Amino acid sequence: MASWSEFAADEPRLADGIRVLLQQYGPGFGYLATVRADGGPRVHPVSPVITDEGLFCFIIDSPKRRDLERDGRYALHSFPPEESDDEAYVAGRARPVTDPARVARLAQGARAEPQVDWQLFEFTVDVAMLTRREQHTAGIPGLAPGRPAVRVWLDPQAPSAAAAAPLTVPQTRPTRLSRDVVQCTAA
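Residues numbered from 1 in each chain as written. Predicted model: local features only at pLDDT ≥ 70, side-chain atom pairs only at ≥ 80, totals over all residues. Heavy atoms only, no water.

**Focus on the side chain of Lys-64**
Moving on, step 1. Structurally, Lys-64 is set in helix H3 (residues 63-70).
Moving on, step 2. No salt bridge is formed by the buried Lys-64, whose closest oppositely charged neighbour, Asp-67, lies at an N-O distance of 9.5 Å.
Moving on, step 3. Look past the residues within four positions of Lys-64 in its chain and what remains in contact with it is Thr-34, Arg-42, His-44, Pro-45, Val-46 and Ile-59. (Helix = DSSP H or I, 4+ residues; strand = E, 2+ residues; numbered from the N terminus. Buried < 20%, exposed > 50% of the residue type's maximum accessible area, 1.4 Å probe, protein only. Lys, Arg positive; Asp, Glu negative; His and termini not counted. Salt bridge = Lys/Arg side-chain N within 4 Å of Asp/Glu carboxyl O. Contact = heavy atoms within 4.5 Å.)

**Quick notes on the pattern of salt bridges**
Moving on, step 1. Under the counting rule described, the total for this entry stands at 15 salt bridges.
Moving on, step 2. Across the pair Glu-53 and Arg-102 runs a salt bridge whose closest N-O atoms are separated by 3.0 Å. With Glu-53 in the loop between strand E3 (49-51) and strand E4 (54-60) and Arg-102 in helix H4 (residues 100-110), this residue pair connects regions lying 49 residues apart in the sequence.
Moving on, step 3. For Arg-102, a relative accessible area of 18% gives the class buried.
Moving on, step 4. The closest approach of N and O atoms between Glu-53 and Arg-105, which form a salt bridge, is 2.8 Å. Note that Glu-53 is positioned in the loop between E3 and E4 and Arg-105 in helix H4, a separation of 52 residues in sequence.

This is how it looks when you write it as structure tokens:
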């Protein structure tokens, strides 16, 4: 399981595109999907925090926090931009941050309210995807009009990435996808 920092070092342009969409309204904003105790999905709006140290989220005492404490699997999706249908997605595992100094440093940087009962989680990245629609894909050779450009990164060390990836991604695990490859999927 790669940290956000490891993913960003491996695919800086993809990580930057995802960061821009997650932080397009100022502080981070996205939808967090977790796994309920009965195995069903649960979706919540959250404010992810992206720093040089990683991808984090302060989670208050809530069903989503209990989901993450019980089963750390998550998916995080960006909020849609006003001017396009671009989207960003990351999935992996969330784990509580237990180092008090790290928690304090990130809480101060993110201005997390100290009187609130929250737990800081770090999100690893097994799968990262960025989809750009027409205005961003015009003029890319070989890309049919009306089809989105999709960039996908799979952590080769993550055993569940192939299962969590979109169906258009081959189920064989590449070591890394090329930084210059544009993958296309049906809209």
